[in-house]
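Summary of the model geometry
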Amino acid sequence: MVADAARFDDGTMAVQHAPTTSPRVVIPSPTLAFLGVVGLTLSLSIALASIRADAGGTPPPSAPPAPSMSADAPVSPAPTQRPSPAPTATPSPSPSPTPSPTVAPTPLPTPVATPTPTPQPTVAPKPPPVSAGPPACEYTDLLTPHHAYGDWPISLLDTIYHLPAGYAPGDLVDSSAAGVNGGYLLRGLLVADLLAMATDARSNGTPIKLVSGYRSHAQQQATFDYWVGIGGYKEALRTSARPGHSEHQLGTAIDVTSEGGIAPWEYADWAATPAGAWMAANAWRYGFVMSYPPGSYDLSCYDYEPWHYRYVGRDLAARIAGTGRVPRLILWELQ
Ligand code: DAL
Ligand code: ZN
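We now turn to the structure provided with this report. On a predicted model such as this, the values are computed, not experimentally measured, just so you know. (Residues numbered from 1 in each chain as written. Chains lettered and ligands numbered in written order. Predicted model: local features only at pLDDT ≥ 70, side-chain atom pairs only at ≥ 80, totals over all residues. Heavy atoms only, no water.)

1. Quick look at helix H3 (residues 217–231)
Compared with the 21 Å implied by 1.5 Å per residue over 15 residues, the 21 Å span of H3 between its first and last C-alpha is a close match. Here H3 has its buried residues at Gln-220, Thr-223 and Phe-224. Along the axis of H3, the buried residues cluster in a sector spanning 95 degrees; they form a single face. In H3, the exposed positions that point more than 90 degrees away from the buried face belong to Ala-218 and Gly-229. Elements in contact with the buried residues of H3: helix H4 (233–239). Backbone geometry just after H3 places Gly-232 at a positive phi near 95 degrees. (Helix = DSSP H or I, 4+ residues; strand = E, 2+ residues; numbered from the N terminus. Expected span 1.5 Å × (residues − 1). Buried < 20%, exposed > 50% of the residue type's maximum accessible area, 1.4 Å probe, protein only. Arc of directions from axis to C-beta. Contact = heavy atoms within 4.5 Å.)

Dropping the structure here:
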(Lines give C-alpha, C1' and ligand atoms only; values in the text may rest on other atoms or scores of the structure.)
(Ligands and ions follow the chains in the order given, each with its own letter.)
Protein backbone atom coordinates (compact mmCIF):
# COMPACT_ATOMS: atom_id res chain seq x y z
CA MET A 1 0.00 0.00 0.00
CA VAL A 2 1.35 3.41 -1.07
CA ALA A 3 0.36 6.51 0.79
CA ASP A 4 0.02 9.71 -1.23
CA ALA A 5 0.83 12.79 0.74
CA ALA A 6 -0.71 16.23 0.07
CA ARG A 7 0.55 19.42 1.61
CA PHE A 8 -1.93 21.74 3.43
CA ASP A 9 -1.51 25.50 3.52
CA ASP A 10 -0.29 25.44 7.14
CA GLY A 11 2.48 23.03 6.09
CA THR A 12 1.07 19.83 7.62
CA MET A 13 0.76 16.69 5.57
CA ALA A 14 -2.45 14.68 5.04
CA VAL A 15 -2.20 10.97 4.39
CA GLN A 16 -4.64 9.40 1.98
CA HIS A 17 -5.09 5.61 1.86
CA ALA A 18 -5.63 3.88 -1.36
CA PRO A 19 -8.79 1.71 -1.57
CA THR A 20 -8.32 -2.01 -0.84
CA THR A 21 -9.27 -4.76 -3.26
CA SER A 22 -10.48 -7.50 -0.69
CA PRO A 23 -13.11 -10.09 -1.95
CA ARG A 24 -16.66 -9.19 -0.97
CA VAL A 25 -18.85 -11.49 1.29
CA VAL A 26 -22.64 -11.32 0.81
CA ILE A 27 -24.78 -11.88 3.92
CA PRO A 28 -28.52 -12.47 3.63
CA SER A 29 -30.84 -9.80 5.17
CA PRO A 30 -32.54 -12.11 7.80
CA THR A 31 -29.12 -13.04 9.10
CA LEU A 32 -28.14 -9.42 9.41
CA ALA A 33 -31.32 -8.71 11.40
CA PHE A 34 -30.58 -11.58 13.78
CA LEU A 35 -27.04 -10.40 14.36
CA GLY A 36 -28.32 -6.90 15.10
CA VAL A 37 -30.59 -8.14 17.86
CA VAL A 38 -27.83 -10.20 19.43
CA GLY A 39 -25.47 -7.26 19.37
CA LEU A 40 -27.98 -4.96 20.94
CA THR A 41 -28.66 -7.46 23.74
CA LEU A 42 -24.97 -7.84 24.46
CA SER A 43 -24.50 -4.08 24.63
CA LEU A 44 -27.35 -3.70 27.08
CA SER A 45 -25.97 -6.45 29.34
CA ILE A 46 -22.56 -4.83 29.38
CA ALA A 47 -24.10 -1.47 30.27
CA LEU A 48 -26.06 -2.94 33.20
CA ALA A 49 -22.95 -4.67 34.55
CA SER A 50 -21.14 -1.37 34.41
CA ILE A 51 -23.90 0.36 36.37
CA ARG A 52 -23.70 -2.27 39.14
CA ALA A 53 -19.94 -1.89 39.34
CA ASP A 54 -20.36 1.87 39.43
CA ALA A 55 -22.82 1.52 42.35
CA GLY A 56 -20.12 0.02 44.53
CA GLY A 57 -21.18 -3.55 44.55
CA THR A 58 -22.65 -5.02 47.68
CA PRO A 59 -23.69 -2.25 50.06
CA PRO A 60 -22.36 -2.33 53.65
CA PRO A 61 -24.63 -4.03 56.15
CA SER A 62 -25.28 -0.79 57.96
CA ALA A 63 -26.42 0.95 54.78
CA PRO A 64 -30.10 1.03 54.02
CA PRO A 65 -31.03 -1.54 51.37
CA ALA A 66 -30.87 -0.17 47.84
CA PRO A 67 -34.01 -0.33 45.83
CA SER A 68 -34.05 -3.35 43.54
CA MET A 69 -33.33 -2.51 39.96
CA SER A 70 -35.92 -3.63 37.52
CA ALA A 71 -35.69 -3.86 33.79
CA ASP A 72 -37.67 -0.61 33.66
CA ALA A 73 -35.20 1.26 35.75
CA PRO A 74 -33.38 4.00 33.97
CA VAL A 75 -29.99 3.15 32.67
CA SER A 76 -28.44 6.16 34.31
CA PRO A 77 -27.98 5.54 38.03
CA ALA A 78 -30.31 7.62 40.09
CA PRO A 79 -28.77 9.51 43.07
CA THR A 80 -30.87 7.47 45.46
CA GLN A 81 -29.29 4.34 44.18
CA ARG A 82 -25.93 5.38 45.48
CA PRO A 83 -25.16 4.02 48.94
CA SER A 84 -25.59 6.37 51.79
CA PRO A 85 -22.38 7.15 53.57
CA ALA A 86 -21.79 4.88 56.48
CA PRO A 87 -23.05 6.62 59.65
CA THR A 88 -19.66 6.98 61.12
CA ALA A 89 -20.59 10.24 62.81
CA THR A 90 -23.03 8.58 65.17
CA PRO A 91 -21.44 5.53 66.67
CA SER A 92 -23.80 2.82 67.51
CA PRO A 93 -23.74 1.82 71.17
CA SER A 94 -21.24 -0.84 71.80
CA PRO A 95 -22.53 -3.78 73.84
CA SER A 96 -19.39 -3.83 75.88
CA PRO A 97 -17.95 -0.36 75.98
CA THR A 98 -14.33 -0.18 76.64
CA PRO A 99 -13.54 2.51 79.20
CA SER A 100 -11.57 5.25 77.58
CA PRO A 101 -8.61 6.37 79.59
CA THR A 102 -9.49 9.94 78.78
CA VAL A 103 -12.86 9.64 80.42
CA ALA A 104 -11.76 7.65 83.42
CA PRO A 105 -13.90 8.79 86.32
CA THR A 106 -12.17 11.19 88.56
CA PRO A 107 -12.11 9.75 92.04
CA LEU A 108 -14.57 11.60 94.18
CA PRO A 109 -12.92 13.34 97.05
CA THR A 110 -13.33 11.31 100.14
CA PRO A 111 -15.24 13.38 102.65
CA VAL A 112 -12.95 14.19 105.45
CA ALA A 113 -14.82 14.46 108.67
CA THR A 114 -14.19 17.78 110.30
CA PRO A 115 -13.22 16.99 113.80
CA THR A 116 -15.52 18.50 116.31
CA PRO A 117 -13.42 20.84 118.30
CA THR A 118 -13.07 19.61 121.78
CA PRO A 119 -13.74 22.37 124.23
CA GLN A 120 -10.46 23.28 125.69
CA PRO A 121 -10.18 24.48 129.21
CA THR A 122 -9.68 28.17 129.21
CA VAL A 123 -7.50 27.94 132.22
CA ALA A 124 -4.35 25.95 131.85
CA PRO A 125 -3.30 25.68 135.44
CA LYS A 126 -5.61 23.59 137.55
CA PRO A 127 -6.17 24.07 141.22
CA PRO A 128 -3.88 21.98 143.35
CA PRO A 129 -5.27 18.65 144.51
CA VAL A 130 -7.44 18.63 147.57
CA SER A 131 -4.84 16.74 149.57
CA ALA A 132 -2.48 19.66 149.15
CA GLY A 133 -4.76 21.93 151.20
CA PRO A 134 -6.15 25.32 150.23
CA PRO A 135 -4.05 27.50 147.95
CA ALA A 136 -2.05 30.09 149.76
CA CYS A 137 -3.07 33.72 149.52
CA GLU A 138 -0.65 34.60 146.75
CA TYR A 139 -1.15 37.59 144.53
CA THR A 140 -1.21 36.02 141.16
CA ASP A 141 -3.60 36.17 138.23
CA LEU A 142 -5.18 32.91 137.14
CA LEU A 143 -8.50 32.80 135.31
CA THR A 144 -10.88 31.09 137.67
CA PRO A 145 -11.91 27.66 136.31
CA HIS A 146 -15.64 28.22 136.70
CA HIS A 147 -16.26 31.55 135.09
CA ALA A 148 -19.40 30.86 133.08
CA TYR A 149 -22.40 32.90 134.14
CA GLY A 150 -24.08 29.72 135.23
CA ASP A 151 -21.19 28.88 137.51
CA TRP A 152 -22.03 31.69 139.93
CA PRO A 153 -22.38 29.46 143.04
CA ILE A 154 -18.88 28.02 142.74
CA SER A 155 -16.84 30.64 140.92
CA LEU A 156 -13.74 30.92 143.11
CA LEU A 157 -12.38 34.42 143.43
CA ASP A 158 -9.53 35.30 145.73
CA THR A 159 -6.08 36.82 145.47
CA ILE A 160 -5.19 34.12 142.92
CA TYR A 161 -8.24 33.55 140.73
CA HIS A 162 -10.03 36.18 138.74
CA LEU A 163 -12.83 36.61 136.23
CA PRO A 164 -12.48 37.73 132.64
CA ALA A 165 -12.36 41.50 132.45
CA GLY A 166 -15.54 41.56 130.40
CA TYR A 167 -17.51 39.35 132.75
CA ALA A 168 -20.86 41.08 133.18
CA PRO A 169 -24.00 39.01 133.77
CA GLY A 170 -26.87 39.83 131.49
CA ASP A 171 -29.56 39.56 134.14
CA LEU A 172 -28.54 42.45 136.35
CA VAL A 173 -31.46 44.33 137.87
CA ASP A 174 -31.73 47.24 140.22
CA SER A 175 -31.66 46.40 143.89
CA SER A 176 -35.02 48.10 144.43
CA ALA A 177 -36.58 44.95 142.91
CA ALA A 178 -35.62 43.20 146.16
CA GLY A 179 -37.46 45.65 148.42
CA VAL A 180 -34.28 47.39 149.54
CA ASN A 181 -32.72 50.72 148.59
CA GLY A 182 -32.13 51.12 144.89
CA GLY A 183 -29.08 52.24 143.00
CA TYR A 184 -27.18 48.96 142.90
CA LEU A 185 -27.20 46.23 140.36
CA LEU A 186 -27.70 42.58 141.29
CA ARG A 187 -28.34 39.38 139.40
CA GLY A 188 -32.02 38.73 139.07
CA LEU A 189 -31.60 35.16 140.26
CA LEU A 190 -31.09 36.31 143.87
CA VAL A 191 -33.80 38.95 144.04
CA ALA A 192 -36.40 36.68 145.61
CA ASP A 193 -34.12 35.51 148.41
CA LEU A 194 -32.81 39.01 149.07
CA LEU A 195 -36.37 40.26 149.28
CA ALA A 196 -37.24 37.56 151.77
CA MET A 197 -34.15 38.29 153.84
CA ALA A 198 -34.67 42.06 153.88
CA THR A 199 -38.32 41.58 154.74
CA ASP A 200 -37.51 39.31 157.67
CA ALA A 201 -34.72 41.64 158.85
CA ARG A 202 -37.20 44.45 158.90
CA SER A 203 -39.75 42.32 160.67
CA ASN A 204 -37.08 41.59 163.25
CA GLY A 205 -36.63 45.31 163.82
CA THR A 206 -33.20 45.27 162.24
CA PRO A 207 -33.68 46.58 158.72
CA ILE A 208 -30.76 46.57 156.39
CA LYS A 209 -29.69 48.60 153.41
CA LEU A 210 -27.17 48.00 150.67
CA VAL A 211 -24.00 50.02 150.15
CA SER A 212 -22.67 47.99 147.22
CA GLY A 213 -23.70 45.39 144.69
CA TYR A 214 -22.36 44.48 141.25
CA ARG A 215 -19.10 46.19 140.37
CA SER A 216 -17.61 45.96 136.92
CA HIS A 217 -13.92 45.39 136.32
CA ALA A 218 -13.47 49.14 135.84
CA GLN A 219 -15.45 49.99 138.97
CA GLN A 220 -13.35 47.56 140.97
CA GLN A 221 -10.23 49.20 139.63
CA ALA A 222 -11.52 52.55 140.88
CA THR A 223 -12.46 51.05 144.24
CA PHE A 224 -9.07 49.43 144.70
CA ASP A 225 -7.31 52.63 143.71
CA TYR A 226 -9.40 54.51 146.26
CA TRP A 227 -8.18 52.28 149.07
CA VAL A 228 -4.64 52.47 147.82
CA GLY A 229 -4.98 56.23 148.12
CA ILE A 230 -6.28 55.88 151.67
CA GLY A 231 -3.78 53.44 153.16
CA GLY A 232 -1.25 52.51 150.50
CA TYR A 233 -0.99 49.52 148.19
CA LYS A 234 -0.03 46.88 150.76
CA GLU A 235 -2.82 47.85 153.13
CA ALA A 236 -5.35 48.02 150.29
CA LEU A 237 -4.61 44.42 149.42
CA ARG A 238 -6.00 43.35 152.80
CA THR A 239 -9.33 45.05 152.35
CA SER A 240 -9.93 45.41 148.62
CA ALA A 241 -9.68 42.98 145.74
CA ARG A 242 -7.65 43.82 142.72
CA PRO A 243 -9.79 44.26 139.57
CA GLY A 244 -11.07 40.94 138.33
CA HIS A 245 -10.62 39.27 141.71
CA SER A 246 -13.70 40.67 143.43
CA GLU A 247 -16.84 38.70 144.14
CA HIS A 248 -18.73 41.91 143.42
CA GLN A 249 -18.07 41.39 139.70
CA LEU A 250 -20.20 38.25 139.92
CA GLY A 251 -23.27 40.37 140.62
CA THR A 252 -24.09 38.11 143.56
CA ALA A 253 -22.19 39.89 146.36
CA ILE A 254 -23.62 42.66 148.51
CA ASP A 255 -22.21 45.01 151.14
CA VAL A 256 -24.78 45.65 153.88
CA THR A 257 -25.19 48.09 156.71
CA SER A 258 -27.93 49.10 159.07
CA GLU A 259 -30.77 51.10 157.58
CA GLY A 260 -30.10 54.68 158.68
CA GLY A 261 -26.59 53.73 159.78
CA ILE A 262 -23.14 54.68 158.59
CA ALA A 263 -20.83 52.77 156.29
CA PRO A 264 -20.31 49.31 157.80
CA TRP A 265 -16.52 49.60 157.76
CA GLU A 266 -16.86 52.66 159.98
CA TYR A 267 -18.08 50.49 162.82
CA ALA A 268 -15.61 48.76 165.11
CA ASP A 269 -17.51 45.57 164.27
CA TRP A 270 -20.73 45.91 162.35
CA ALA A 271 -21.63 42.34 163.27
CA ALA A 272 -21.91 43.58 166.83
CA THR A 273 -24.78 45.88 165.83
CA PRO A 274 -28.37 44.58 165.92
CA ALA A 275 -28.68 44.44 162.11
CA GLY A 276 -25.18 43.03 161.70
CA ALA A 277 -25.80 40.36 164.31
CA TRP A 278 -29.10 39.34 162.73
CA MET A 279 -27.37 38.97 159.37
CA ALA A 280 -24.51 36.91 160.81
CA ALA A 281 -26.99 34.53 162.36
CA ASN A 282 -29.58 34.28 159.60
CA ALA A 283 -28.23 35.21 156.20
CA TRP A 284 -27.41 31.61 155.31
CA ARG A 285 -31.11 30.74 155.54
CA TYR A 286 -31.62 32.93 152.47
CA GLY A 287 -28.62 31.67 150.58
CA PHE A 288 -26.05 34.27 151.68
CA VAL A 289 -22.72 33.56 153.37
CA MET A 290 -20.15 35.88 154.97
CA SER A 291 -17.13 35.56 152.73
CA TYR A 292 -14.49 36.92 155.15
CA PRO A 293 -15.38 35.89 158.66
CA PRO A 294 -13.40 37.05 161.70
CA GLY A 295 -9.96 35.56 162.32
CA SER A 296 -9.71 33.95 158.88
CA TYR A 297 -7.25 36.16 157.11
CA ASP A 298 -4.86 33.33 156.29
CA LEU A 299 -7.71 31.34 154.78
CA SER A 300 -9.96 33.97 153.27
CA CYS A 301 -7.04 36.20 152.23
CA TYR A 302 -8.84 39.39 153.39
CA ASP A 303 -9.40 41.16 156.64
CA TYR A 304 -12.63 40.48 158.43
CA GLU A 305 -15.61 42.01 156.62
CA PRO A 306 -18.87 41.50 158.55
CA TRP A 307 -20.77 43.48 155.84
CA HIS A 308 -19.74 41.43 152.78
CA TYR A 309 -22.09 38.60 151.85
CA ARG A 310 -22.09 36.44 148.81
CA TYR A 311 -25.14 34.64 147.48
CA VAL A 312 -24.47 30.94 146.74
CA GLY A 313 -28.03 29.64 146.93
CA ARG A 314 -29.79 28.19 149.90
CA ASP A 315 -28.43 24.66 149.63
CA LEU A 316 -24.76 25.56 149.43
CA ALA A 317 -25.15 28.28 152.03
CA ALA A 318 -26.67 25.80 154.47
CA ARG A 319 -23.84 23.37 153.81
CA ILE A 320 -21.21 26.04 154.43
CA ALA A 321 -22.95 27.26 157.55
CA GLY A 322 -23.24 23.69 158.78
CA THR A 323 -19.50 23.14 158.59
CA GLY A 324 -18.58 26.47 160.12
CA ARG A 325 -15.70 26.68 157.67
CA VAL A 326 -14.53 29.61 155.64
CA PRO A 327 -16.47 29.77 152.36
CA ARG A 328 -13.27 29.96 150.32
CA LEU A 329 -12.23 26.53 151.55
CA ILE A 330 -15.53 24.98 150.55
CA LEU A 331 -15.46 26.65 147.15
CA TRP A 332 -11.88 25.55 146.61
CA GLU A 333 -12.93 21.94 147.21
CA LEU A 334 -15.67 22.36 144.62
CA GLN A 335 -13.31 23.36 141.83
N1 DAL B 1 -13.62 43.93 149.84
C2 DAL B 1 -13.66 42.76 148.99
C3 DAL B 1 -12.50 41.87 149.29
C4 DAL B 1 -13.69 43.14 147.57
O5 DAL B 1 -13.11 44.16 147.22
O6 DAL B 1 -14.28 42.40 146.83
ZN1 ZN C 1 -18.00 43.58 149.49
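There is more to say, and it comes next.
2. Quick notes on the nonpolar core
The biggest cluster of nonpolar side chains holds 25 residues, and the ones touching the most others in it are Leu-194, Met-197, Ile-208, Ile-254, Met-279 and Phe-288. The set of elements that each furnish at least two residues to this core consists of helix H2 (191–203), strand E7 (208–212), strand E8 (253–258), helix H5 (274–282), strand E9 (288–292) and strand E10 (305–311). The leading source of residues in this core is H2, at 5 residues. Setting aside its immediate chain neighbours within four residues, Ile-254 contacts Leu-186, Leu-194, Met-197, Leu-210, Ser-212, His-248, Phe-288, Trp-307, His-308 and Tyr-309. Grouped together as the second largest cluster of nonpolar side chains are 11 residues, Leu-156, Ile-160, Val-312 and Ile-330 included. (Core = buried A, V, L, I, M, F, W, Y, C linked by side-chain atoms within 4.5 Å.)

The values are spatial; any link to function lies outside them.
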